[in-house]
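Examining the three-dimensional arrangement
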Amino acid sequence: MDRGYKEDLAYIHDVGFGTFATQSAPGLLEILCQQGIEKGLIVDLGCGSGIWAKALTEAGYDVLGIDISDAMIDLAKKKAPKANFQTASLLRVELPKCDAVTSIGECLNYQFDEHGLGEIKQLFARIYEALRPGGLFIFDILQPGSLTVSNPHQTYYEREEWAILLEKEEDKKTSTLTRKMTIFRQVGELYRKSAEIHRVRLYKSAEIAKELRQVGFRVKIIRRYGELTFRKAHVGFIATKVA
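Bear in mind that the values here come from a model prediction, so they are computed numbers and not experimental data. (Residues numbered from 1 in each chain as written. Predicted model: local features only at pLDDT ≥ 70, side-chain atom pairs only at ≥ 80, totals over all residues. Heavy atoms only, no water.)

What about helix α3 (residues 51-58)?
Selection criterion: Categorising residues by exposure relies on relative accessible area from a 1.4 Å probe, with only protein chains included: less than 20% of the type maximum marks a residue as buried, more than 50% marks it as exposed, and the intermediate range marks it as partly exposed. Only DSSP runs of H or I covering at least 4 residues are called helices, and only runs of E covering at least 2 are called strands; the numbering of each starts at the N terminus.
Across the eight residues that make up α3, a large majority, six, are buried. Restricting attention to buried positions, one finds in α3 the residues Ile51, Trp52, Ala53, Ala55, Leu56 and Thr57. One or two residues past the end of α3 sits Gly60, with phi positive at roughly 100°.

Some thoughts on helix α1 (residues 7-16)
To keep things clear, this is the line we draw: Residue contacts follow a heavy-atom distance rule, with two residues in contact if any of their heavy atoms lie within 4.5 Å.
Buried within α1 are the following residues: Asp8, Leu9, Ala10, Ile12 and Asp14. Of the surrounding elements, those touching the buried residues of α1 are α3, α4 (70-79), β7 (162-171), β8 (176-187) and β9 (190-201).

As for the packing of aromatic side chains
Keep this limit in mind: Two rings belonging to Phe, Tyr or Trp (six-membered ring only in the last case) form a pair when the distance between their centres is within 6.5 Å. Interplanar angles under 30 degrees mark stacking, angles over 60 mark edge-to-face geometry, and anything in between is tilted.
Enumeration over the complete set of coordinates arrives at 14 aromatic pairs. Between the aromatic rings of Phe137 and Phe139, the centroid separation amounts to 4.3 Å while the plane-to-plane angle is 20°, which identifies the pairing as stacked. On the basis of relative accessibility, which here comes to 0%, the residue Phe139 falls in the buried class. Taken together, Phe124, Tyr128, Phe137, Phe139, Phe217 and Phe237 form an aromatic cluster joined through their ring pairs.

A look at the sheet that holds strand β13 (residues 234-240)
Operational definition: For two strands to be treated as a pair, DSSP must find no fewer than two bridges joining them. Only the contacting stretch of a helix is used when fitting its axis, a line to C-alpha atoms as for every element, and angles between N-to-C directions run 0 to 180 degrees.
Spatially, the seven strands line up as an open sheet ordered β3-β2-β1-β4-β5-β13-β10, and their pairing is mixed. In the strand order of this sheet, the two ends are held by β3 (84-87) and β10 (218-222), each with one partner. Pairs of neighbouring strands in the sheet enclose a mean axial angle of 15°, with direction left out of account. As defined by bridge partners, β10 adjoins β13 across five bridges and the pair is classed as antiparallel. The residue bridging Lys220 from the neighbouring strand is Ile238, located in β13. The strands touched by α4 within the sheet are β2 (62-67) and β3, with β3 carrying the most contacts at an inclination of about 170°. Those strands touched by helix α6 (residues 205-215) are β5 (131-142), β10 and β13, and its axis lies near 10° from that of β13.

Regarding the pattern of salt bridges
Defined as follows: Here a salt bridge means any side-chain nitrogen of Lys or Arg lying within 4 Å of a carboxyl oxygen belonging to Asp or Glu.
Under the defined criterion, the tally for this structure stands at ten salt bridges. Between Glu7 and Arg192 there is a salt bridge whose closest N-O contact spans 4.0 Å. With a gap of 185 residues between them, Glu7 in helix α1 and Arg192 in strand β9 connect regions that are remote in the sequence. The exposure class of Glu7 is exposed, given its relative accessible area of 51%. For Arg192, a relative accessible area of 35% corresponds to the partly exposed category. Taking the shortest distance from any N to any O, the salt bridge between Arg179 and Glu106 comes out at 2.7 Å. Of this pair, Arg179 sits in strand β8 while Glu106 sits in the loop between β4 (98-103) and α5 (117-130), and the two are 73 residues apart along the sequence. Residue Arg179 shares its accessibility class with Glu106, and that shared class is buried.

Thoughts on the sheet that holds β8
Read across the open sheet, the four strands follow the order β6-β7-β8-β9; overall the sheet is antiparallel. Lying at the two open borders of the sheet, with one neighbouring strand each, are β6 (153-158) and β9. Ignoring which end each strand starts from, the neighbouring axes of this sheet average 15° apart. Along the sheet, α1 contacts β7, β8 and β9; its crossing angle with β8, the most-contacted strand, is approximately 95°.

Put into structure tokens, the structure is as follows:
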């Protein structure tokens, strides 16, 4: 099992790519409040560096954040000290009774521990069991067709203290997107080089909605969290455990 998001990439993701979590937070809080969930325990699967966990604790919720990356958990503990965190696979962690479960930023697609639709359905069943009646499961996924330019496609990101060369390639036969990253982070006067390869399994929204309904959820497919509109091939779900 490749845990991914080691120290340098975790840091860069937090400082350079945390916009999605930050901009999602107001819309997500609104969804919770609309369902009458204004307090209680929220479990955040794939919590990353704790941006969403911090927003939840500041809004008065109790939070348990789960992430497979030790480096991400270290960052999250500093960012959201009022939350609790655990290093674990979101597919295998034991879930406590809770009022809502979230998984923001296509976490269910990641293949850090290899899985398919069968394991996803098992996770849905465990989430349904953990939720209190009226509870919500809010999450988003990446679908096939995410590459709208050349395939493979190379992109370069650079800031004063770091840089990333990213190559993305989608395999339409296996519905898999591979992200190969060469990472440079400044340490003292020098730059440290590392590399990571992330593979994500691409799921169609219709098949995910079907599995949710079979478990017992009422399902709403969404294209935004509040004012944050998703990009192409990115889709969200609000799954409700009917009271």
